[in-house]
Every structure is written in C-alpha cells, then in structure tokens.
Amino acid sequence: MMLSGYSLSLLEASWMTIQLAFTSLAVGLVLAMLFAGGEMSRFRFVAWPTTALVTVLRGLPELLIVLFIFFGSGQILFYITGDYIEISPFLSGVIALSLIFASYAAQTIRGAIKAVPKGQREAASALGISKARTFVAIIIPQAIRHALPGLTNQWLVLLKDTALVSLIGVTDLLKQAQLSSAATHESFTWYATAAAVYLVITLITQQIIKRIDAKYSAQEGSSNDKKTVVEGAMA
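Conventions we followed
Residues numbered from 1 in each chain as written. Predicted model: local features only at pLDDT ≥ 70, side-chain atom pairs only at ≥ 80, totals over all residues. Heavy atoms only, no water. Phe/Tyr/Trp six-rings, centres within 6.5 Å; stacked < 30°, edge-to-face > 60°. Helix = DSSP H or I, 4+ residues; strand = E, 2+ residues; numbered from the N terminus. Buried < 20%, exposed > 50% of the residue type's maximum accessible area, 1.4 Å probe, protein only. 1 Å grid on protein atoms, 1.4 Å probe; cavity = no way out; pocket = protein on both sides within 12 Å on 5 of 7 lines; lining within 4 Å. Points joined across faces, edges and corners; volume = space filled by probe spheres on them. Nonpolar A, V, L, I, M, F, W, Y, C, P; charged D, E, K, R; others polar. Axes fitted to C-alpha atoms, helices over the stretch in contact; angles between N-to-C directions. Parallel < 35°, antiparallel > 145°, perpendicular 65-115°, else oblique. Left-handed = near helix turned anticlockwise from the far one by under 90°. Contact = heavy atoms within 4.5 Å. Patch = residues over 30% accessible without salt bridge, like charges linked within 9 Å, V, L, I, M, F, W, Y side chains within 5 Å. Areas by Shrake-Rupley, 256 points an atom, 1.4 Å probe, with all protein chains shown as cover. Salt bridge = Lys/Arg side-chain N within 4 Å of Asp/Glu carboxyl O. pLDDT = per-residue confidence, 0-100. Expected span 1.5 Å × (residues − 1). Bend = angle between axes of the 7 residues up to and from the residue. Core = buried A, V, L, I, M, F, W, Y, C linked by side-chain atoms within 4.5 Å.

K.L.:
Explanation requested: the packing of aromatic side chains in the structure shown.
P.N.:
Ring pairs (aromatic) are described by centroid distance and by the angle formed between their planes. Throughout the structure, instances matching the rule amount to 3 aromatic pairs. Plain terms: the ring middles of Phe-22 and Trp-155 are 5.0 Å apart, the flat faces sit at 40° to each other, and that makes the pair tilted. Separated by 133 residues along the polypeptide, Phe-22 in helix H1 (residues 2-40) and Trp-155 in helix H6 (residues 131-161) bring together distant segments of the chain. With a relative accessible area of 38%, Phe-22 lands in the partly exposed category. Owing to a relative accessible area of 4%, Trp-155 belongs among the buried residues under this scheme. Summarising the aromatic geometry, the rings of Phe-70 and Phe-71 are spaced 4.8 Å apart at their centres and angled 75° between planes, so their arrangement reads as edge-to-face. Exposure remark for Phe-70: the relative accessible area of 22% places this residue in the partly exposed category.

Next comes the structure, spelled out in structure tokens:
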C-alpha cells in the first residue's frame, strides 16, 4: 500500500511536469516570436532592448534565472505597485522556463524566416498581395519547415529543464522521486522510474513532431509550386 501511494504521487508529479513543460512551451513560443520580431525590427529603440534582453537570458545560468524569477519577481512588483504580490512556484517556473526557451527559440525562428528567399516577398508584393497575407500564407509555412529541427531540440532541453523548478517548491517528477527515495530508501528504483517517465514523454512528443514534420514536408511541394507561380508571374 505504501509503495502504491508513492506510485500515485509520482504519477501526479509526472502530470505536473507535463503541464509545466507544455505551458512553458506555449508561452515560450509566443515570446520567441515577439523576441524574433523585435530583433528583426528596423526601429532601433525596439531592436536594441530586445537584443540586449535575449543576450542576457542566453548568458545567465538557467538555474539563476529560475531563482531570480521566483525570489525577485515579488520584490519587483512591490517596487512597481507598492503592494507585495506573491508569485506561486508554478507560475514562477513557467515564466522562467518560458523566457529561457524563448531566448533560444527566437534565434531559430529568426534564422528560419531569413532562410525564406527575399524574392518571394518581392514577387508577392508585385502581385498586389498584402504583406500580412504574404507572411501568413507564403513565409510562415516555409519558415516552420526550417525551424522545426531547432525547435525540437529546444523542446527536449525545455523538458529536462523542468527539473530545475524542484528547487523552488514545485512537486514535479524529479522532486517527487527525491521525496519517495528519501522515504523508502529505494533511490535507484524511484530515480530510474523518473528517468523512464522522462524518456516516455520524450519519445511520445518526438513521434508527434515527426508527424508534424511529415505534414510540412508534404506541403513543401505545394509551397514550391506557389513559389514557381509567383516568380513566374514576377518574370
């Protein structure tokens, strides 16, 4: 019964890790697009602060960012609002992991957008297609195809980085493995189980990513057809 109770706790902690990882991924992707857009902006008052922020995030140890957000966010909000606002460990973890992920993913997204030939934008403009529609219908599908390998690697790093939040009080998979190990003195069993769960999550998400990659690979042919039509019209 004791072991079954610890197993249930580990299962709940695994769900916490999954929630933390996917929430951070969703928020991080939005931030990454904002960072990428900011760095590519032609306005210096936007590009320079964004580049500086991304550089700082990439230059600091990830653990330090987690601790700074957890311990420092309340203090910063106090200076701004005059009231002490407590940030939960889970929210602090999401903010920290999202910023870490976004600082790296922004470079991948920016490189993917730049990898799309500039001539396609010019051709679409010559055909009277708006910049917004060009970006959504022509640039984004090709950029995603270029960005997927890099984003996949960064997702795997993010999944492993979720273990950092155990230090700020979130009972994630690693934290629960530590607690179960200390209570039962079965260190190898619980850490091996935690490792197996991380591996299962990784393998499942890799299969999902492979399907997404295959989908965009199938669409790449049609995108190339659009490119030929647009460039032909331009000629």
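Past the structure itself, the notes keep going.
K.L.:
Any chance you could explain the layout of surface pockets here in plain terms?
P.N.:
To find leftover empty space, a probe the size of one water molecule is rolled over the atoms. In this structure, the largest pocket encloses a volume near 1,000 Å³. The wall of the largest pocket is formed by 34 residues, among which Met-33, Ile-109, Ile-140, Ala-143 and Ile-144 lie closest to the centre. If one sorts the elements of the lining of the largest pocket by residue count, H6 sits on top with 12 residues. Classifying every residue of the lining of the largest pocket by side-chain character gives 24 nonpolar, 7 polar and 3 charged.

K.L.:
Got a minute to help me understand the packing of helix H3 (residues 62-81) against helix H4 (residues 89-115) in this structure?
P.N.:
To characterise two packed helices, one gives the angle between the axes of the helices and the distance between these axes. At their nearest, the axes of H3 and H4 sit 9 Å apart, and the two run at 140° to each other. Judged by the inter-axis angle, H3 sits oblique to H4. Every pair of crossing elements has a handedness; the one defined by H3 and H4 is right-handed. From H3, Glu-62, Ile-65, Val-66, Ile-69 and Phe-70 reach across to H4, where they touch Pro-89, Ser-92, Ile-95, Ala-96, Leu-99, Ile-100 and Tyr-104. Within the contact of H3 with H4, the residues separate by chemical class into 10 nonpolar, 1 polar and 1 charged.

K.L.:
How should a nonpolar patch on the surface be read in this particular structure?
P.N.:
A surface patch of nonpolar side chains, amounting to about 740 Å² of accessible area, comprises Phe-68, Ile-76, Phe-78, Tyr-79, Ile-80 and Tyr-84. Turning to its location among the elements, Phe-78 is positioned in helix H3. Its relative accessible area of 36% is what places Phe-78 among the partly exposed residues.

K.L.:
It is not clear to me how the environment of Ala-214 should be interpreted in this structure. Could you clarify?
P.N.:
Locating Ala-214 in the fold gives a position in helix H8 (residues 187-234). Distance in space between the C-alpha atoms of Ala-214 and Arg-145 is 9.6 Å, their sequence separation being 69 residues.

K.L.:
Explain the confidence of the model for the protein to me, please; I cannot follow it from the model alone.
P.N.:
The predicted coordinates of low-pLDDT regions are not to be read in fine detail. Across the protein, the average pLDDT comes to 85, with 91% of residues at 70 or higher. Here H8 is the element of the protein with the lowest mean pLDDT, 75, and helix H2 (residues 44-59) is the one with the highest, 94. In the model, residues 228-235 has pLDDT below 50 throughout and makes 9 contacts with residues more than four positions away in sequence or in other chains.

K.L.:
What am I meant to see in H3 here?
P.N.:
For an α-helix the count is 3.6 residues per turn, leaving residues at separations of three or four pointing the same way. With 20 residues, H3 extends 27 Å between its outermost C-alpha atoms, agreeing within 8% with the 28 Å of an ideal straight helix rising 1.5 Å per residue. Along H3, the sharpest kink reaches roughly 45°, centred on Gly-72. Taken together, the buried positions of H3 are occupied by Ile-65, Val-66, Ile-69, Gly-72, Ser-73 and Gly-74. Lining the buried residues of H3 we find H2 and H4. Once H3 finishes, Gly-82 follows within two positions and takes phi at roughly 85°, a positive value.

K.L.:
Could you clarify how one ought to interpret the pattern of salt bridges in this entry?
P.N.:
It is possible for side chains bearing opposite charge to pair when their charged atoms get close. Using the criterion set out here, one finds 1 salt bridge in the structure. We note a salt bridge from Arg-110 to Glu-39, for which the minimum N-O separation is 3.9 Å. Of this pair, Arg-110 sits in helix H4 while Glu-39 sits in helix H1, and the two are 71 residues apart along the sequence.

K.L.:
What should I look at first to understand the nonpolar core in this one?
P.N.:
Within soluble globular proteins, side chains that are nonpolar generally end up buried alongside one another. Judged by nonpolar contacts, the single largest core of 47 residues is most densely connected at Phe-35, Ile-65, Val-66, Phe-101, Trp-155, Leu-158 and Val-165. Contributing elements (two or more residues each) for this core: H1, H2, H3, H4, H6, helix H7 (173-184) and H8. Broken down by element, the residue count for this core peaks at 12 residues, all from H4. Ignoring anything within four residues of it in the chain, the contact list for Phe-35 reads Thr-50, Leu-53, Val-54, Leu-57, Leu-99, Ala-102, Ser-103 and Ala-106.

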